[in-house]
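# Chain and residue survey
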Amino acid sequence: MSRVYVSVSSKRPVGWLCAATLVCLVAACVEQGEDKLTREDEEFVAKNILSAAPTPQYAVNADLDGKVVYIGMDVTPSQVEAGKDVKLTHYWKVVTPPGDGWKVFTHISGTNKQNFANVDHTPVSGKYPAAKWKAGQIIRDQHSFRIPAGWNYDHLEVYAGLYKGAERLPVKSGAHDNNRVFCGAVPMNVKAPLPVKRYVVAKTKKPPRIDGKLDEAQWKDAPSTGPFVDTVTGNPASIATEARLLWDNRNLYVAFENADTDVWSTLGKRDDKLWTQEAVEIMIDADGNGKTYIELQVAPNGTVFDTYLPTVRKYEDSIDAKRKQFDWNSKVKAAVKVDGTLNKREDQDKGWTVELALPLADVNGLDKPGVKVPPAVGDVWRLNMYRMDTPKDKGQLAAGWSPPLEGDFHKLARFGEIVFGNEKGEVPPPKPVVDEKAAKEDKEAKKGEQKGAKEAKKGKEAKGEAAKEDKEAKKGERKGAKEAKGEAAKEEKAAKAEKSEKKPTARAPAKEEEGK
């Protein structure tokens, strides 16, 4: 398997890959060794010199200075994945032997040249270097490597070419950049990235004593961040570190607990390059704008590094030529306690703790006005924390709180979130956001509804009164009609009675006649 080398364009190295991949930070391509070939090796080389040009999956046909043609490339599997192996098969046609000193290089990047890794190798499994190529040959060159974990891009971009020292063989035709042949963009199986970490910072009534001991009740009550993880993969880290945070109206307090069998640091000046040895590190993008942030580091001997960055990897001198890099100083107070003996490399230590108090206003660095301080309960800042460890006779190791998932600690989009809580370490639910205009319109609408309802009620009552009056009127009419009818009947009866009294009878005159 080819070795993978990672490089980040910056003023200082920042990346580490997992132990499964050999990692170094380099500025140029890797020198390749040559061994004398055995008979079996020669037979193997012969099998990889083709008699006819192939039809590769990625056809390129790039001309390198009229000497070599890069025909193209095959890729297995056809869709690749971060953290897994991939096999590339390159096809080269030799027009004129490139000559002594020329070597093949292969670079990979993510989509649109995001990130970079050097996967150099000697062609044909190390058995047929470019300096031995002969005119007319078509060479099949296969090599495998592991794509760095955390490379979750849409495509894996592959570049190849020939170099000698700092010189590259010019690319006359075909897709290329900076004399690198663009071999193709291989689809990647993209995994959902790990979510960024989140931590609720409890407010403390009593500030802790900054002595590095972490023996006060405030720290015992503060929750741990949990173990820091591998910065590239997000898997458990090979070094044990965790942190705790507190705040009050003046400071942000951070405590680190680092297990370490060899505690050391020889850098003693403010703003020395602490990241080259052993240190803990905090980066704070308080306003979360993804541009301006501050960086703080503390070494096991108590030395402090701090700087303000107006944008990613740019320092104070980038905003004012009269300034120097790292010349902004915070008012941080830091203390370290070593459980063991500092700088005694031959003994076994247990670890070291760091305790610091950072004035809240310092998170703004040179920003004006910057984020408001003190924050209110519920406010959120973006922050990340790291630890660098360099054991004796070993390469540097690193762990982080919210893993950037690539070889760059300055990945602001992967910073975790700290939420400022109350003294119970709680964040009350936010009050609902009120749209004043909508609220006013709603109020007017409700007022109109109430007025309408009132008028409707009033109208209903008026209608009821009218119905009542109408009912009474009809009742009166019926009563009057009844009384009138009664009076008429009465009068008719009286009239009949009077008529009856005035009418003579038939018997009375008869009697009178008999009396005569």
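Our subject is the structure listed above.
What comes next concerns the included structure. (Residues numbered from 1 in each chain as written. Predicted model: local features only at pLDDT ≥ 70, side-chain atom pairs only at ≥ 80, totals over all residues. Heavy atoms only, no water.)

### Here we look at the sheet that holds strand E8 (residues 138-146)
Test applied: At least two bridges found by DSSP between two strands is the condition for calling them paired. Put simply, DSSP marks the helices as runs of H or I at least four residues long and the strands as runs of E at least two long, and each gets a number from the N terminus on.
Reading across the sheet, the 6 strands line up as E2-E8-E5-E4-E3-E11 and stay open at both edges, with antiparallel pairing between neighbours. Only two strands of the sheet have a single neighbouring strand rather than two, namely strand E2 (49-50) and strand E11 (171-173). Two elements, strand E3 (residues 58-64) and strand E4 (residues 68-76), share 5 bridges in a ladder whose sense is antiparallel. Paired with Leu64 across the bridge in E4 is Val68.

### Digging into the pairing of strand E9 (residues 155-164)
Cut-off, in case you're wondering: Burial classification: accessible surface area is computed with a 1.4 Å probe over protein chains only, and a residue below 20% of its type maximum counts as buried, one above 50% as exposed, and the rest as partly exposed.
The buried fraction of E9 is high, at 8 of 10 residues. Of the pairings in the sheet, the one linking strand E6 (residues 103-109) to E9 comprises 7 bridges and is antiparallel in character. Each bridged residue has a counterpart across the sheet, and for Ile108 the counterpart in E9 is Val158. Pairing of E9 with strand E13 (residues 180-187) involves 6 bridges; the strand directions are antiparallel. Considered in E13, the bridge of Tyr159 is made with Phe182. Bridge count for E9 against strand E10 (residues 167-168) is 2 bridges, and the pairing is antiparallel. When the sheet's bridge partners are listed, Lys164 is paired in E10 with Glu167. Hairpin geometry of E9 and E10 is characterised by an intervening segment of 2 residues between the two adjacent antiparallel strands and by a positive phi of about 65° at Gly165.

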